[in-house]
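Residue-level structure breakdown
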Amino acid sequence: MSSNIIYRGLCDIKAKRLSGISIPDEYKVSDNAAEIIVNNPRNENRDVPVQKLGVVGGKIGGAAYSFPTEIRIGEKLVKACSGGELFVAEWARRSGLGFDLCDFDKDGRDGDHVIFEGAGLSQIAVKVHRFMGYKVFEYPRYIMLLKSRSLLEMKLRGVLKVIGIKLVDVAINVYALLIRAVSLLSGVGTSIIEVEPDDGEQLMVLGMLATQHQHRFSEVHDFRWFKWVLNNSFSKDGPAKAYLMFKQEQPIGFFVVKKRFHEQASHRGFKNVWLGSIIEWGCLPGCEKKLLWTIVAWTMRSRKKLDAVEFPVYEPFVQRFLRRLGWQHVGDANFCYNIRPDSGFVAPEGMDDPANWHLRPAMGDVGLN
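The rules we used
- Residues numbered from 1 in each chain as written.
- Predicted model: local features only at pLDDT ≥ 70, side-chain atom pairs only at ≥ 80, totals over all residues.
- Heavy atoms only, no water.
- Phe/Tyr/Trp six-rings, centres within 6.5 Å; stacked < 30°, edge-to-face > 60°.
- Helix = DSSP H or I, 4+ residues; strand = E, 2+ residues; numbered from the N terminus.
- Buried < 20%, exposed > 50% of the residue type's maximum accessible area, 1.4 Å probe, protein only.
- Pairing = 2+ DSSP bridges.
- Polar contact = N/O pair within 3.5 Å; in protein donor to acceptor, adjacent residues only side chain to side chain.
- Contact = heavy atoms within 4.5 Å.
- Axes fitted to C-alpha atoms, helices over the stretch in contact; angles between N-to-C directions.
- Left-handed = near helix turned anticlockwise from the far one by under 90°.
- Nonpolar A, V, L, I, M, F, W, Y, C, P; charged D, E, K, R; others polar.
- Core = buried A, V, L, I, M, F, W, Y, C linked by side-chain atoms within 4.5 Å.
- Patch = residues over 30% accessible without salt bridge, like charges linked within 9 Å, V, L, I, M, F, W, Y side chains within 5 Å.
- Areas by Shrake-Rupley, 256 points an atom, 1.4 Å probe, with all protein chains shown as cover.
- Salt bridge = Lys/Arg side-chain N within 4 Å of Asp/Glu carboxyl O.

1. Considering the packing of aromatic side chains
With the rule as written, the count across this model stands at 20 aromatic pairs. Relative to Trp274, the ring of Phe261 lies with its centre 5.5 Å away and its plane at 55°, an arrangement referred to as tilted. Here the residue Phe261 occupies a position in strand S12 (residues 250-264), and Trp274 occupies one in strand S13 (residues 271-283), the gap between them amounting to 13 residues. By relative accessible area, which is 29% here, Phe261 ends up partly exposed. Look at Trp274 and you get partly exposed, because its relative accessible area is 32%. Centre to centre, the rings of Phe335 and Trp357 are 5.1 Å apart; their planes meet at 50°, and the pair counts as tilted. One end of the pair, Phe335, is in strand S15 (residues 328-339); the other, Trp357, is in the segment after S15, with 22 residues separating them in the sequence. An aromatic cluster is defined as three or more aromatic residues linked by ring pairs; in this entry it consists of Phe137, Phe217, Phe335, Tyr337 and Trp357.

Right, dumping it as structure tokens:
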């Protein structure tokens, strides 16, 4: 069976029928998702496509959200698109629909973007996107364990499990106290505050600090993007939170975190885990070490509420910093992009090298899911 794609735009986000085809309830855009999609600052008052619906044999067999983003290439802004919540019904999986939902539309009905980007792909999705010609960048995800229960309950039972958890948690608490002491020494003269998601001045500062890097390629995270991500979430666990770091009264850095509950955190078998994720960060030149110590101190203060914190990072100096403090490399984060054929856009030299990108886990829809 062959497949084709129809598009739900902002103007018909609640439509129950498109192109003469009924849309089953499982593919409806929820009120929460609709609000997030409508609030996207990159819509720019356009009726952009917001959902791809895959048709196989005359009925809907899969769907994915779609939303405009921006990529900065040097001083130039390029229209891009990302997406998420990709799903293909089992009966439609041999039709090639999954590929079609990830591809450009030859007629340009999918939008006016010349780059399609994505982040936080599953390992299967990484293989699919590579097969389709996407450039895929993978980089390490570091984990700091804050509670041992999820790890030890896979290996021990009964009394041994209870004793093991208590002993390891005591060691973690002692380590946390030592790290916090060191971080206080490193952060003398600095302080952090939680950002109010509707405070325009604080959002402007976040947008300014997010540009303090030398990379030629980046997804645009300006004050409008921060306002969107800090006020919206596809997850029932709520939106991400941002923290500003000050030296005296001058803002010198920031970081963004999200907290998610996972009934099963990974294929490794960790269950019922509260995971914190560092998804975006930046600072003024020369303040990197102070910011990293601040993030580590926040991690250790979170051990009562979180089981672990992940910090996916590409920069080698940050990787070395985390490894020295005992963070463990567990799996990888990823980012991918593809360029629309015949769009006239030619990839600049070095675009396919991840070292030239400002890679952050919050790219694509990761900050919202």
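2. Remarks on the pairing of strand S4 (residues 49-56)
Across the 8 residues that make up S4, a large majority, 8, are buried. Looking at chain direction, S4 and strand S5 (residues 59-73) are connected through 6 bridges and run antiparallel. Each bridged residue has a counterpart across the sheet, and for Gln51 the counterpart in S5 is Tyr65. In textbook terms, the turn of a hairpin is the stretch between consecutive antiparallel strands, and for S4 and S5 this stretch comprises 2 residues, one of which, Gly57, has a positive phi near 60°.

3. Things to note about the side chain of Gln51
Positionally, Gln51 belongs in strand S4. The buried category is assigned to Gln51, whose relative accessible area is 3%. Engagement of the side chain of Gln51 in a polar contact is seen with the side chain of Arg8, the distance being 2.6 Å. In terms of polar contacts, Gln51 uses its side chain to reach the backbone carbonyl oxygen of Tyr27, at 3.2 Å. Setting aside its immediate chain neighbours within four residues, Gln51 contacts Ile6, Tyr7, Arg8, Tyr27, Val29, Ala63, Ala64, Tyr65 and Ser66.

4. Digging into the packing of helix H6 (residues 200-209) against helix H7 (residues 223-231)
Viewed as axis vectors pointing N to C, H6 and H7 meet at an angle of 115°, and their least axial separation amounts to 8 Å. Here the hand of the crossing between H6 and H7 comes out right-handed. Between H6 and H7, the residues in contact are Leu203, Met204, Leu206 and Gly207 and Phe223, Phe226, Lys227 and Leu230, respectively. Among the residues making up the contact of H6 with H7, the classes are represented as 6 nonpolar, 1 polar and 1 charged.

5. A look at unusual backbone geometry
For Glu44, which is not glycine, the phi dihedral falls at a positive 50°. Among the secondary structure elements, Glu44 is positioned in the loop between helix H1 (31-39) and S4. Judged by its relative accessible area of 38%, Glu44 falls in the partly exposed class. Not every positive phi belongs to a glycine, and Asn45 is a case in point at roughly 60°.

6. Let's talk about the nonpolar core
In terms of nonpolar packing, the biggest core is built from 53 residues, with Leu206, Phe311 and Trp327 touching the most fellow members. At 7 residues, the largest contribution of residues to this core is made by helix H8 (residues 288-301). The residues touching Trp327, leaving out its near neighbours within four places in the chain, are Tyr142, Ile143, Met144, Val296, Thr299, Val309, Glu310, Phe311 and Leu322. Counting residues in each nonpolar core, the second largest holds 20 residues, with Ile71, Ile115, Phe137 and Ala333 among its members.

7. A few points about a nonpolar patch on the surface
On the surface, Val159, Ile163, Leu167 and Val168 cluster together to form a nonpolar patch covering roughly 360 Å² of accessible area. Mapped onto the elements of the fold, Leu167 is located in helix H5 (residues 158-186).

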